[in-house]
Amino acid sequence: MTRIEAKEVRVRFAPSPTGYLHVGGLRTALFNYLFARKNKGKFILRIEDTDQKRSIPGAVEKLMSTLKAVGLEYDEGPDRGGEFGPYIQTERSEIYRDHAKTLLEAGQAYYCFCTEERLEKLRDVQKKTKRPTMYDGKCRDLPKEKVEENLSKGIPYVIRLKYPKEGRIVFDDIVRQKVAMENSQVDDQILIKSDGLPTYHLASVVDDHLMEISHVIRGEEWLSSVPKHIYLYESFGWEAPSFAHLPLLLNSDRSKLSKRQGDVAVESYLEKGYLTEALLNFIVLLGWHAADDREIYTLQEMEEAFSLDRINKAGAIFDTEKLNWMGGYYVRHLSVEYVAEKSRPYFEAAGIDISDNEKYLKVVNMARDYVYRLSDMVEHATMFYEDLTFSDEDRILIEEENAQRLYSFWVEELEKKADWDPEEISSLIKRATGEMGIKGKNFYFPLRLALFGSCHGPDIPTLIDILGRDGSVKRLKDCLSG
Ligand code: GLU
């Protein structure tokens, strides 16, 4: 019995190594991963690098490290091995050539000797006459002798799929249900290019079969390729996997998500310090939601809740504001120790000495109220690590009589003992406002300015807690005009 018959779930993420992981690619990877985990199946990483013009050195390693960074561990893949390898298509070229030969022999594929110039002219004419741009079948029925002659003369060729021209095809898709297409609209796809390497279509069908993939879950842009793929499965006498095509990702103006309108590289979100928990949670809701419309999920909760039948057909809007909201949610809700650890590289890059861990945790706990990604943490924290600087207007406020009285009061009180907890500071605030008759803005603005460098910001007990007794007294004294 094959694995498909045994219904073992085996799914794959099959990116082309173009140099970065597109957010749409991360969604595909995540949905495949979740489906595998939910069904106790296998999640496979396969690198589709047969388009050598698009392959970039180092891209495969980067892809693998990005997937690991977000926590999507694959069970089989280039650096993990597995019994269905190799998992990089350029290492499998022989396999595809052999399969193309089988199709040629059965008359389901043919040699095409058309030159690039001819094809270009053909496309121009089709565009001008507003017809679909596709191969016109010139070499589809070349006599055997002509083919032999051309081959022996060494004329460059490609191998094309001999797709039936009549009738229509109807197939099932888990997301889109029944999909129908006219066969006349389907191109005689190139299967083997003139460089001898296969195109995506041949390679992915052969690999999906040989790797015993049970479900193909991928972006909607591949939906129109399904007829060719099904024809390939049929020609080889194989059972096709189930298909699920994920809805398009759209910008807020409903145009197709593109690099021009903003960031689409997962790596760039990670560099900016979006927490991976936030990124995955945001991504899982792009085209999927649970029956109860719940929004917040850990990866493990997603694994339990996910199902293919709750994927929408309609395009999903990549709403950066929602991502930022999600980012802020996780920055504030995960443990302060975790957020501090993840923020460490940003502080180190800014040259800030965070060796006092107790202070660092307090700073992070305060600063996280203001950010949605970790790269913004530092700007809300530097004032606790550097001397404050004041503008001329700040100085005027600091030198006001009320402000000076406040500073003296606080220096005197704080110096009475070494340790203060925030509650004691709160009662001291009550006493101070009562005794001095200074209230509201007139109280908080000058005090916060002296301790924090700005009239607006965290509350006074938090500030004194972070700065410590001595640090607070020093800042207050610096503001006393003596
Ligand atoms: N290599 C294709 C891509 O880069 C994969 C499509 C598929 O999953 O079949 O999107």
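In the block above lies the structure referred to throughout.
Because the structure is a prediction, the values reported are computed rather than measured.

A. Structural view of empty space enclosed by the protein. All chains considered together, the criterion is met by 1 cavity of 30 Å³ or more. Taken as a whole, the largest cavity holds about 30 Å³ of empty space. The greatest single-element share of the lining of the largest cavity, amounting to 3 residues, is contributed by helix H2 (residues 59–69). For the lining of the largest cavity, the residue count by class is 5 nonpolar, 2 polar and 2 charged.

B. Quick peek at the layout of surface pockets. By volume, the largest pocket is sized at about 1300 Å³. Lining the largest pocket are 47 residues, and of these Ser16, Thr18, Arg54, Glu221 and Trp222 lie nearest its centre. Those elements giving two or more residues to the lining of the largest pocket turn out to be strand E1 (10–13), helix H1 (23–38), helix H6 (200–210) and strand E8 (215–219). At 5 residues, the largest contribution of residues to the lining of the largest pocket is made by H1. Residue composition of the lining of the largest pocket, by class: 16 nonpolar, 17 polar and 14 charged. By volume, the second largest pocket amounts to about 420 Å³. Contributing to the lining of the second largest pocket are 21 residues, with Glu116, Leu119, Val158, Arg160 and Ile190 lying nearest its centre. Counting only elements with at least two residues in the lining of the second largest pocket, the list comes to helix H4 (116–128) and strand E4 (158–161). Residues belonging to the lining of the second largest pocket are distributed by class as follows: 11 nonpolar, 4 polar and 6 charged.

C. Region of interest: the packing of aromatic side chains. Tallying each qualifying case throughout the model produces 22 aromatic pairs. Residues Tyr200 and Trp222 carry aromatic rings whose centres are separated by 4.3 Å and whose planes lie at 45 degrees to one another, so their mutual orientation is tilted. One end of the pair, Tyr200, is in helix H6; the other, Trp222, is in the loop between E8 and helix H7 (226–236), and 22 residues separate them in sequence. Judged by its relative accessible area of 31%, Trp222 falls in the partly exposed class. Ring geometry for Tyr329 and Tyr330: centres 5.3 Å apart, planes at 80 degrees, overall edge-to-face. By relative accessible area, which is 25% here, Tyr329 ends up partly exposed. Each residue in the set Tyr269, Tyr274, Phe282, Phe318 and Tyr372 is aromatic and connected to the rest through ring pairs, giving one cluster. One cation-aromatic arrangement involves Arg10 over Phe84; the distance from NZ or CZ to the ring centre is 4.0 Å. Cation over ring: Lys359 sits above Tyr385, and NZ or CZ is 4.5 Å from the ring centre.

D. Focus on the site of the ligand. The full set of residues close to the ligand is Arg12, Ala14, Ser16, Glu48, Tyr200, Arg218 and Trp222. A distance of 3.3 Å separates an oxygen atom of the ligand from a polar side-chain atom of Ser16. Note that an oxygen atom of the ligand is positioned 3.0 Å from one of the side-chain N or O atoms of Arg218. In isolation the ligand offers 300 Å² of accessible surface; the protein chains occlude 82% of this area. In a pocket analysis with a 2 Å cut-off to the grid points, the ligand is assigned to the largest pocket. Here the shell around the ligand is built from residues that sort into 3 nonpolar, 1 polar and 3 charged.

E. Quick peek at the side chain of Arg10. Looking at the secondary structure, you find Arg10 in strand E1. Residue Arg10 is classed as buried on the basis of its relative accessible area, which comes to 1%. Within the structure, the side chain of Arg10 is placed 2.8 Å from the side chain of Glu76, a separation counted as a polar contact. Only 3.5 Å separates the side chain of Arg10 from the backbone oxygen of Glu212, close enough to count as a polar contact.

F. Representation of helix H11 (residues 320–333) in the model. For H11, spanning 14 residues, the distance from its first C-alpha to its last is 20 Å, which sits close to the expected 20 Å at 1.5 Å a residue. Check the buried side of H11 and you find it contacts helix H8 (266–271), helix H9 (276–284) and helix H12 (336–349). For H11, the capping residue at the N-terminal end is Asp319, with a side-chain oxygen 3.0 Å from the backbone nitrogen of Glu321.

G. Structural detail: the pairing of E8. Among the 5 residues in E8, 5 count as buried, and that is most of the element. Examined bridge by bridge, E8 and strand E9 (residues 242–246) share 5 bridges and lie parallel to one another. Bridge assignment links Gly219 to a residue of E9, and that residue is Leu246. Taken together, E8, H7 and E9 constitute a β-α-β crossover, and its handedness is right-handed.

H. Just unusual backbone geometry, in detail. Residue Pro86 is reached from Gly85 by a cis peptide bond, and omega for that bond is -5 degrees. Here Pro86 is to be found in the loop between H2 and helix H3 (93–105). Even without being glycine, Lys130 reaches a positive phi, approximately 55 degrees. Tracing the sequence through the fold places Lys130 in the loop between H4 and helix H5 (144–152). Of note in this structure, Glu212 is not a glycine but carries a positive phi near 55 degrees. Following the sequence through the fold, Glu212 ends up in the loop between H6 and E8.

I. Local environment of the pattern of salt bridges. Going through the model one piece at a time under the given rule, you end up with 32 salt bridges. With a closest N to O distance of 3.0 Å, Lys417 and Glu424 form a salt bridge. Note on Lys417: relative accessible area 31%, which makes it partly exposed. One salt bridge in this structure joins Asp470 and Arg469, with 2.9 Å as the shortest N-O distance. Linked through salt bridges whose partners overlap, the residues forming this network are Arg12, Arg46, Glu48, Arg92, Asp207 and Asp208.

About the criteria used
- Residues numbered from 1 in each chain as written.
- Predicted model: local features only at pLDDT ≥ 70, side-chain atom pairs only at ≥ 80, totals over all residues.
- Heavy atoms only, no water.
- 1 Å grid on protein atoms, 1.4 Å probe; cavity = no way out; pocket = protein on both sides within 12 Å on 5 of 7 lines; lining within 4 Å.
- Points joined across faces, edges and corners; volume = space filled by probe spheres on them.
- Helix = DSSP H or I, 4+ residues; strand = E, 2+ residues; numbered from the N terminus.
- Nonpolar A, V, L, I, M, F, W, Y, C, P; charged D, E, K, R; others polar.
- Phe/Tyr/Trp six-rings, centres within 6.5 Å; stacked < 30°, edge-to-face > 60°.
- Buried < 20%, exposed > 50% of the residue type's maximum accessible area, 1.4 Å probe, protein only.
- Lys NZ or Arg CZ within 6 Å of the ring centre and 35° of its normal.
- Near = heavy atom within 4 Å.
- Polar contact = N/O pair within 3.5 Å; in protein donor to acceptor, adjacent residues only side chain to side chain.
- Areas by Shrake-Rupley, 256 points an atom, 1.4 Å probe, with all protein chains shown as cover.
- Sits in = over half its atoms within 2 Å of the grid points.
- Expected span 1.5 Å × (residues − 1).
- Contact = heavy atoms within 4.5 Å.
- Pairing = 2+ DSSP bridges.
- Right-handed = clockwise from strand over helix to strand, strands pointing away.
- Salt bridge = Lys/Arg side-chain N within 4 Å of Asp/Glu carboxyl O.

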